[in-house]
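# A structural walkthrough
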Amino acid sequence: MDKELEETLDKTVTFKVGDMMTYGVMSEDGNELLAAITGFGMDIRFNMRLINSLADAEATANAMADVFYQALMEQLLAEKGDVVKQGAP
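Presented here is a report on the structure given in the accompanying data block. Position numbers for residues start from 1 in each chain and track the written sequence from start to end. Reporting in this predicted model follows two pLDDT cut-offs: at least 70 for local features of residues, and 80 or more for side-chain atom pairs to be given and counted; totals over whole chains, interfaces and linings ignore these cut-offs and use all residues. By convention in this description, side-chain values take in all heavy atoms of the structure and omit both hydrogens and water.

So, on to the overall build of the chain. Numbering of helices and strands runs from the N terminus; a helix is a DSSP stretch of H or I covering at least four residues, while a strand is a stretch of E covering at least two. A tally of helices and strands in the chain yields two helices and two strands. The helix and strand sequence of the chain, counted from the amino end, reads α-β-β-α. Only C-alpha atoms enter the radius of gyration; for comparison, a globular chain is expected to reach 2.2 Å times N to the power 0.38, where N is the number of residues. Compactness check: the chain gives a C-alpha radius of gyration of 19 Å against a globular reference of 12 Å for 89 residues, more than 25% above the reference. Along the longest, intermediate and shortest principal axes, the C-alpha atoms of the chain span 55 × 35 × 35 Å. In the chain, which comprises 89 residues, the proportion classed as buried is 4%. The contacts of the chain with a sequence gap of at least 6 include a subset with a gap of at least 24, amounting to 10%. Between buried and exposed lies partly exposed: a residue is buried under 20% and exposed over 50% of the maximum accessible area for its type, with that area taken using a 1.4 Å probe on protein chains only. We call two residues in contact whenever any of their non-hydrogen atoms come within 4.5 Å of each other.

In structure tokens form, the structure reads like this:
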């Protein structure tokens, strides 16, 4: 590992609770989050050099949805695999 990267990774950062960001999906009744992305110092970046149309934006959003779907399925199988097996023919 290069020395500059190693020094960067060794640094400690402190955040205030109010600095935590949350993006989420609410349940139908609006009382609970079905899913949430939370963290301190989150940085969401889009490569605007490559996103030049509504079609590009939609493709990017759909690809991100696929990433989260895969993560959800992995967690569902790990935590509730028996439920998934019951739904299979």
